[in-house]
Amino acid sequence: MKKTTFNNIHKKAGGKLVEFAGYEMPIQYEGIIAEHKAVRESVGVFDVSHMGEVEIHGNDAFAFVQKLTTNDVSKLDKGKVQYSSMCLENGGVVDDLLVYHCGDYYMLVINASNIDKDLAWMENNKFGDVEIKNISDEVSLLAVQGQNALNTLQKLTDTDLSKIEYYNFEFGKVAGIDCIISHTGYTGEKVCFEIYSKTNIEQSEKLWSAIFEAGAEYSIKPCGLGARDTLRLEYAFRLYGNDMDENSNPLEAGLGWITKLDKGEFNGREAMLKCKAEGLKKKLVGFIVDDRMVARQHAEVYSGDEKIGEVTSGSMSPMLGKNIGLAYIKEGFNKIGTPIEIKIRDKKVKASIVKTPFLN
Amino acid sequence: MNTPKNLKFTNDHEWVDVNGAVASIGITDYAQSELGDIIYLDITAAVNDQVKQGDVIGTIEAVKTVSEIYSPISGKIVEINTGINDVPSIINTDPYERGWIIKIEPDNADEISNLLDDTAYIDLIGQ
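Since this is a predicted model, take the numbers as computed values, not measurements.

Draft legend 1. Expanded view of the overall build of chain A. On a plain count of helices and strands, chain A comes out with eight helices and 20 strands. Relative to the globule expectation of 21 Å for 360 residues, the C-alpha radius of gyration of chain A, 20 Å, shows essentially globular dimensions. Total accessible area on chain A stands at roughly 14800 Å², and carbon and sulfur atoms take up 49% of it. Separation of charge centres in chain A, based on 44 positive and 52 negative side chains, amounts to 5 Å.

Structure, rendered in structure tokens:
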């Protein structure tokens, strides 16, 4: 099992470590609900070094990334970040990712569990003057999220963090360490930063200590993958492998906003144009359960006796105190406000389709 | 991890506390810590139900996971801690006292004496 540069710190901090995507990662420290609330009410820190990073160099880097991904890279200026996806020719999602425009190259941030698959897909689709560099093992990544994230990090850097707009980034130093400081996150918090640094245990431990010292007055907390999941679900952020995969396309996954069908040719475009013309057969929607039982992944969704879909993600929402989730529901049944039933163990519980995000 | 000396334990991480004719049953400190934040207890068995050792009496729902609860002994259910669902985290914070789940009138004293004692349970969880 691989370890991140923060592994010793997680153990010392009382993290409960589990295997995730080949890495030993903390699922929680104090508890998912406490960590979730720390992020919503103040600030929390996540080690997400397991994420993959790939640099795309060469004269044809733009054309390649434009062909590879669904969002419009021509709209991405230097210093900006774009949420996007890559698709198979049939529209199935290979992965969702962030695209960083770093000047003369791009950095793609991909899901840990998909690194090998994504690299193979990129190599297969490579053309012209393009170099694909997998730097996943050379990058450590911390997400500092919540309303006091800026106050915490500003103490440690000369970069004016208030000047970095949402989905923008800068190269800078945090605690004296060279970093990419990115105003991005997976929690739904508006004040959110992700700090990319070179893999180096000594440096990582220094960075972590500095952040916790700076955040002490805000009761900063270490947060695990458990809270990361409940936080992202409250904002209906999709999780690859749960909410979309190679059997669903971005339109069905509600990711039409990152799928620019009019930008020119890209992988999956033809299939999605066809799917759009014919009408989507299923759509990912949010639901709230009218019961204390949690509707979890793979639970079947019904309208009367007819099976109309399947839950892809489900959890208790610590902020709403209600059980929420996402589900693929077939056409004809997926309008907001539609009452549905979800089979949990041997019981069918009532739920309804609601607007997402669940929190605003 | 807290493992009280006067209780009996099962391989499924339940505890049994015999008080005269009635045994209280709950889940262990180790179990609650493995489950994480507990949010709902769904007891499907009812008062006066006759249960056998190993029967599923309900499920316990945590944020991350859900787990079945088994009756550690045979007998008649005489009380269910219905108040737990007002504050389900009581199972996390006080698993052996206020976090009790059901009370049973045991059928068979041998079943109880065959359960694990605290030393054997500590061996089982390796703590």
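Draft legend 2. A look at helix α2 (residues 32-41) of chain A. With seven of ten residues buried, α2(A) lies mostly within the body of the structure. Listed as buried for α2(A) are Ile32(A), Ile33(A), Glu35(A), His36(A), Ala38(A), Val39(A) and Arg40(A).

Draft legend 3. Structural view of helix α6 (residues 201-214) of chain A. All names here are of chain A. The first and last C-alpha atoms of α6 sit 20 Å apart over 14 residues, in line with the 20 Å expected at 1.5 Å per residue. Those residues of α6 that fall on the buried side of the exposure criterion are Ser204, Leu207, Trp208, Ala210, Ile211, Phe212 and Ala214. Its side-chain oxygen placed 3.0 Å from the backbone nitrogen of glutamate 202, asparagine 200 serves as the N-cap of α6.

Draft legend 4. The pattern of salt bridges, seen in detail. Applying the stated rule across the entire model yields 26 salt bridges over all chains. With a closest N to O distance of 3.9 Å, Lys133(A) and Glu55(A) form a salt bridge. Here Lys133(A), found in strand β9 (residues 131-134), pairs with Glu55(A), found in strand β5 (residues 52-57); they are 78 residues apart in sequence, far enough to count as distant. Glu278(A) is the partner of Lys274(A) in a salt bridge, and the nearest nitrogen-oxygen pair spans 3.7 Å. Pair noted here: Lys274(A) and Glu278(A) are both in helix α8 (residues 269-278), with a separation of four residues, about one helical turn. Residues Lys274(A) and Glu278(A) agree in their burial class; the two are exposed. Through salt bridges that share partners, Asp229(A), Arg232(A), Asp243(A) and Lys64(B) make up one connected network.

Draft legend 5. Looking closely at the nonpolar core. Residue and element names in this part refer to chain A. In this structure, Phe46, Leu98, Tyr100, Met107, Tyr196 and Met244 are the most contacted members of the largest nonpolar core, which totals 42 residues. If you list the elements that add at least two residues to this core, you get α2, β6 (81-87), β7 (93-101), β8 (106-110), β10 (139-145), α7 (225-234) and β18 (322-330). When residues of this core are sorted by domain, at least three fall in each of domain 1 (2-49 + 137-234) and domain 2 (281-354). In this structure, Ile164, Ile177, Leu207 and Phe212 belong to the second largest nonpolar core, which totals 27 residues.

Draft legend 6. Focus on the pairing of β8(A). Residues and elements named next belong to chain A. Counted residue by residue, β8 has five buried out of five residues, so it is predominantly covered. Side chains Tyr106, Leu108 and Ile110 of β8 all project onto a buried face; the interleaved residues Met107 and Val109 project onto the opposite face, where all are buried too. For β5 and β8, the ladder comprises five bridges, and the chain directions are antiparallel. Its bridge partner being in β8, glutamate 55 is matched across the sheet by methionine 107. Where β7 and β8 come together, four bridges link them in antiparallel fashion. The residue bridging histidine 101 from the neighbouring strand is tyrosine 106, located in β8.

Thresholds applied
- Residues numbered from 1 in each chain as written.
- Chains lettered and ligands numbered in written order.
- Predicted model: local features only at pLDDT ≥ 70, side-chain atom pairs only at ≥ 80, totals over all residues.
- Heavy atoms only, no water.
- Helix = DSSP H or I, 4+ residues; strand = E, 2+ residues; numbered from the N terminus.
- Rg over C-alpha atoms; globule rule 2.2 N^0.38 Å.
- Areas by Shrake-Rupley, 256 points an atom, 1.4 Å probe, with all protein chains shown as cover.
- Lys, Arg positive; Asp, Glu negative; His and termini not counted.
- Charge placed at Lys NZ, Arg CZ, Asp CG, Glu CD.
- Buried < 20%, exposed > 50% of the residue type's maximum accessible area, 1.4 Å probe, protein only.
- Expected span 1.5 Å × (residues − 1).
- Polar contact = N/O pair within 3.5 Å; in protein donor to acceptor, adjacent residues only side chain to side chain.
- Salt bridge = Lys/Arg side-chain N within 4 Å of Asp/Glu carboxyl O.
- Core = buried A, V, L, I, M, F, W, Y, C linked by side-chain atoms within 4.5 Å.
- Domains from an automatic or database assignment.
- Pairing = 2+ DSSP bridges.

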